[in-house]
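Residue-level structural notes
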Amino acid sequence: MRIGSLSLCGDRYVLFDNWTKDEKKRAYQVDKLLSLVNMVVTKNNGKPYTDEIFSELKRANRRLHEQTEGIRSSKQETAELTEQMHKSYEEQLKRITDMVELKLSKTTITLEQQLEEERIEGLKAEFFRYLMLLK
């Protein structure tokens with residue numbers, strides 16, 4: 001199944017080290033992902049698959065590149081930018097996590113409602129069977 005899944009997407013994949021503290025490695029990983037996305041966009045005649053999360057990440061990456069280009073060699077400026085990028089990364093991660101948790105919560109509520117409806121239907125059926133036995 002795994003090989004078939006990769007072949008369906010043209011054997012494209014990107015691996016991420018989510019635990020790295022190395023900002024250069026993070027930036028490289030984002031660049032690699034966006035490069036793959038741009039390749040897919042080109043192959044699809046400019047029509048990418050996109051959603052809210054991807055769009056947000058793409059805008060954040062653009063901001064990251066703009067900030068990176070403006071860095072001077074000063075250690076203090078570099079430290080400040082590193083802190084800003086870390087905060088931005090953490091904020092983006094939190095927003096994405098919150099979105100996923102919200103979707104999961106909605107799905108859980110829906111499933112709980114369906115389960116309750118099925119339980120009620122079962123009780124109704126049991127009640128009608130009981131009434132039929134009384135006749």
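Residues numbered from 1 in each chain as written. Predicted model: local features only at pLDDT ≥ 70, side-chain atom pairs only at ≥ 80, totals over all residues. Heavy atoms only, no water.

Examining the confidence of the model for the chain
This is how the line gets drawn: Residue-level confidence of the predictor is summarised by pLDDT, bounded by 0 at the bottom and 100 at the top. Secondary structure counts use DSSP, requiring at least four H or I residues in a row for a helix and at least two E residues in a row for a strand, with both numbered from the N terminus.
The pLDDT averaged across the chain works out to 80; a share of 79% of its residues lies at or above 70. Mean pLDDT per element in the chain: helix α1 (residues 2–8) is the minimum at 51, and helix α4 (residues 75–134) is the maximum at 89.

Some thoughts on the side chain of threonine 20
Test applied: Residues adjacent in sequence count toward polar contacts only when both atoms are side-chain atoms; beyond that, a polar contact is any pair of N or O atoms within 3.5 Å, and within protein one must be able to donate a hydrogen and the other to accept it. Note on definitions: a residue-residue contact is assigned when non-hydrogen atoms from the two residues lie within 4.5 Å.
Considering the arrangement of structural elements, one finds threonine 20 in the loop between α1 and α2 (23–43). From its side chain, threonine 20 meets the backbone nitrogen of aspartate 22 in a polar contact 3.1 Å long. Excluding residues within four positions of it along the chain, threonine 20 makes contact with Lys25, Arg26 and Gln29.

Focus on the pattern of salt bridges
As a reminder, the rule being used: By salt bridge we mean one thing: a side-chain nitrogen of Lys or Arg within 4 Å of a carboxyl oxygen of Asp or Glu. Residue burial is assigned from relative accessible area. The probe radius is 1.4 Å, only protein chains are included, and a residue is buried under 20% of its type maximum, exposed over 50%, and partly exposed in between.
In total, this model carries 5 salt bridges according to the counting rule given. Between arginine 26 and glutamate 23 there is a salt bridge, with the nearest N and O atoms lying 3.5 Å from each other. Residue arginine 26 and its partner glutamate 23 are both found in helix α2; the two are separated by 3 residues, about one turn of the helix. Ionic pairing is found between arginine 119 and glutamate 116, a salt bridge with its closest N-O pair at 2.6 Å. Within this pair, arginine 119 and its partner glutamate 116 are both found in helix α4, separated by 3 residues, close to a single helical turn. With a relative accessible area of 46%, arginine 119 lands in the partly exposed category. Residue classification places glutamate 116 among the partly exposed positions, given a relative accessible area of 34%.

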